[in-house]
Amino acid sequence: MGNRSRGGFGLLIAVAIALFSLFRYFGSSQVNEVTGEKQRVGNVTPEQEIALGLQAEPQITQQYGGESSDPRLRGIVESVGQRVVAQSEASKTPYRYEFHLLADDKTVNAFALPGGQIFITQALLRQLKSEAQVAGVLGHEVAHVVARHGAEHIAKQELTQGLTGAAVMATYDPNNPSSRGSAAVIAAVGQLVNLKYGREDELESDRLGVRFMSESGYDPRAMIRVMEVLKAAGGGGRQPEFFASHPNPENRIGKIKEAIAKEFPDGVPGNLQP
Ligand SMILES: [Zn+2]
């Protein structure tokens, strides 16, 4: 008897938690000021994104052999990255942008954490032939931060965890209401390391990257060169983030050309840095 009534009460609570999770996720869409798009970031704030990124940064840097020991190359990455941020719409965001050149000479890759921690490997930097190409890669990564793709990912996870939590609520300690939240944060930081965005997120970052690099005075056609370089480099082995969910690089180049034509309907001006 006692067990049955407790079971019924538990079920009621579980349903309430599931509904709360769904409501929080679907009831909290907001418009991104830079991209103009509606997005679901749950209750993830920019301050939390910055904190998560800073928390995960040392772990990720270590995974790629630490920071590069070449001060000249590190300086190029830092100055190009900060120019792309300072002279574009990305400067209107609350994020704290830091650009890391990773010592890894074998993995051709670049990626971003929520909140503004941005990484490029020496292996990728060596393949690039101009500052504008570096700006193309970093602009794409800045776009992931601005469009809050990481926050969307975390919000989706919080939804999943809310629903799972409804099933395993016995582990929740009512005397310590923060116990669930802190576990969710730890899980989110763990996920950040292997964060993979969807195809639509990648195409959006290409479009925004084209915009940011153009606004900061770089010729956006350099982005097409970057894709060609990556196509040649991505022959086998591990897929770089840049290729994640893009099985067809030709298709991606086509979309980048469309974005450039939309940005400059009368042709790319001649005064941009190639
Ligand atoms: Zn990307």
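See the structure printed just above.
Numbering of residues starts from 1 in each chain and follows the order in which that chain's sequence is written. Given that this is a predicted model, residues contribute local features only at a pLDDT of at least 70 and side-chain atom pairs are listed and counted only at 80 or more, while totals for whole chains, interfaces and linings are drawn from all residues.

> Explain the overall build of the protein chain here, please?
Think of it this way: any DSSP run of H or I at least four residues long counts as a helix, any run of E at least two long counts as a strand, and we number them from the N terminus. For the protein chain, the count of helices and strands is 10 helices and five strands. Contact between two residues is assigned whenever their backbone-derived C-beta positions fall within 7 Å. Taking the contacts inside the protein chain whose residues are at least 6 apart along the sequence as the reference set, 73% of them involve residues at least 24 apart.

> Got a minute to help me understand the packing of helix α3 (residues 71-86) against helix α5 (residues 131-146) in this structure?
Helix packing for two helices is described by the angle between their axes and how far apart those axes are. Contact geometry of α3 with α5 gives a least axis separation of 9 Å together with a crossing angle of 60°. It follows that α3 is oblique to α5 by the angle criterion. In this structure, α3 crosses over α5, and the sense of that crossing is right-handed. Contacts between α3 and α5 involve I76, V77, V80, G81, V84 and V85 on the former and, on the latter, E131, V134, A135, L138, G139 and V142. Fitting a line to C-alpha atoms yields each axis, with helices limited to the stretch in contact; the angle taken between N-to-C directions then spans 0 to 180 degrees. An angle below 35 degrees is read as roughly parallel, one above 145 as roughly antiparallel, one from 65 to 115 as roughly perpendicular, and any other as oblique. For any pair of crossing helices, the crossing counts as left-handed if the nearer helix is rotated counterclockwise from the farther one by less than a right angle, and right-handed if it is rotated clockwise.

> Explanation requested: unusual backbone geometry in the structure shown.
Apart from glycine, the bulk of residues carry a negative phi angle, and the bulk of peptide bonds sit in the trans form. Positive phi values are uncommon outside glycine, yet R148 reaches one of about 60°. Looking at where R148 falls in the secondary structure, it is placed in the loop between α5 and α6 (149-167). Residue class for R148 comes out buried when judged on the 26 C-beta atoms lying within 10 Å of it. Whether a residue is buried, exposed or partly exposed follows from its count of other C-beta atoms within 10 Å of its own C-beta, namely 20 or more, 12 or fewer, or something in between, respectively; the C-beta atoms are built from the backbone.

> Hey, could you run me through the nonpolar core in this one?
Buried together is how nonpolar side chains tend to be arranged in soluble globular proteins. The biggest cluster of nonpolar side chains holds 47 residues, and the ones touching the most others in it are I120, A135, L138 and V142. Counting residues per element, this core draws most heavily on α5, which supplies nine residues. In this structure, V142 is in contact with V84, V85, A90, Y97, I118 and F212, ignoring residues within four places of it in sequence. Definition of nonpolar core: a set of buried Ala, Val, Leu, Ile, Met, Phe, Trp, Tyr and Cys residues joined via C-beta atoms within 7 Å.

> Would you mind showing me how to read the sheet that holds strand β5 (residues 117-121) here?
Strand-to-strand pairing in sheets goes through backbone hydrogen bonds, with the strands running parallel or antiparallel. When DSSP finds at least two bridges between two strands, those strands are taken to pair. The three strands are arranged β3-β5-β4 in an open sheet whose pairing can be described as mixed. Edge positions in the sheet fall to β3 (98-102) and β4 (110-112), since each of these pairs with one other strand and no more. Each neighbouring strand pair of the sheet contributes to a mean axis angle of 15°, computed without reference to strand direction. Bridge count for β3 against β5 is five bridges, and the pairing is parallel. Following the sheet pairing, L101 is matched in β5 by I120. Each of β3 and β5 is contacted by helix α2 (residues 46-63), which is oriented at about 15° to β5, the strand it contacts most. Sheet strands touched by α3: β3 and β5. Its angle to β3, the strand with the most contacts, is close to 150°.

> Help me understand the pairing of β5, please; the structure alone is not making it clear to me.
On a regular strand, each side chain points to the face opposite its neighbour's, so the side chains alternate between the two faces of the sheet. Burial of β5 is extensive: five of the five residues sit out of reach of the surface. Residues Q117, F119 and T121 of β5 are buried on one face, and the alternating residues I118 and I120, pointing to the opposite face, are buried as well. Across three bridges, the pairing between β4 and β5 is antiparallel. From the neighbouring strand, F111 faces β5, where its bridge partner is F119. From the end of β4 to the start of β5, which pair antiparallel, there are four residues, and G115 there has a positive phi angle of about 90°.

> Would you take a moment to explain helix α8 (residues 199-215) for this structure?
The periodicity of an α-helix, 3.6 residues per turn, causes residues three or four places apart in sequence to face the same way. Working rule for helices: expected span equals 1.5 Å times residues minus one. When the terminal C-alpha atoms of α8 are compared, their 24 Å separation across 17 residues agrees well with the 24 Å that a helix rising 1.5 Å per residue should span. G217 sits one or two positions beyond α8 and adopts a positive phi of about 90°.

> What exactly am I supposed to notice about the packing of α5 against helix α9 (residues 222-233) here?
Look at α5 against α9: their axes get within 8 Å of each other, and the N-to-C directions meet at 80°. By the angle between their directions, the pair α5 and α9 is classed as roughly perpendicular. In this structure, α5 contributes A132, Q133, A135, G136 and V137 to the contact, and α9 contributes A222, M223, R225 and V226. Nonpolar residues are Ala, Val, Leu, Ile, Met, Phe, Trp, Tyr, Cys and Pro. Charged residues are Asp, Glu, Lys and Arg, and all others, Gly as well, are polar. Looking at side-chain class alone, the contact of α5 with α9 contains six nonpolar, two polar and one charged residues.

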